[in-house]
Amino acid sequence: MSAEFQTIAALVVVALAATWLIARAWRRHRNPGCGGDCGCPAEKLKR
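In this text, all values refer to a predicted model and were calculated from it rather than measured experimentally. (Residues numbered from 1 in each chain as written. Predicted model: local features only at pLDDT ≥ 70, side-chain atom pairs only at ≥ 80, totals over all residues. Heavy atoms only, no water.)

Engineer: What should I look at first to understand the overall build of the protein in this one?
Structural biologist: Secondary structure assignment for the protein yields two helices and zero strands. Burial analysis of the protein (47 residues in total) assigns 0% to the buried set. For the protein, the exposed surface amounts to about 4,700 Å²; the carbon and sulfur share of it is 63%. (Helix = DSSP H or I, 4+ residues; strand = E, 2+ residues; numbered from the N terminus. Buried < 20%, exposed > 50% of the residue type's maximum accessible area, 1.4 Å probe, protein only. Areas by Shrake-Rupley, 256 points an atom, 1.4 Å probe, with all protein chains shown as cover.)

As structure tokens, this is what we get:
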């Protein structure tokens, strides 16, 4: 593999990882709350 191909492949991997992390953070920001098994009563949050 050439150095140019490796550089482009690394940049693509970094861009995909950054996009995934940003999208994940944005989704959590839009829907704040428990989001998992934290032990809080879900019934009270829905009201």
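Engineer: Explain a nonpolar patch on the surface here, please?
Structural biologist: Nonpolar side chains collect at one region of the surface, where Ile8, Val12 and Leu16 lie side by side and expose about 290 Å² of accessible area between them. Relative to the helices and strands, Ile8 resides in helix α1 (residues 3-30). According to the relative accessible area criterion, Ile8 is partly exposed, its value standing at 47%. (Patch = residues over 30% accessible without salt bridge, like charges linked within 9 Å, V, L, I, M, F, W, Y side chains within 5 Å. Salt bridge = Lys/Arg side-chain N within 4 Å of Asp/Glu carboxyl O.)

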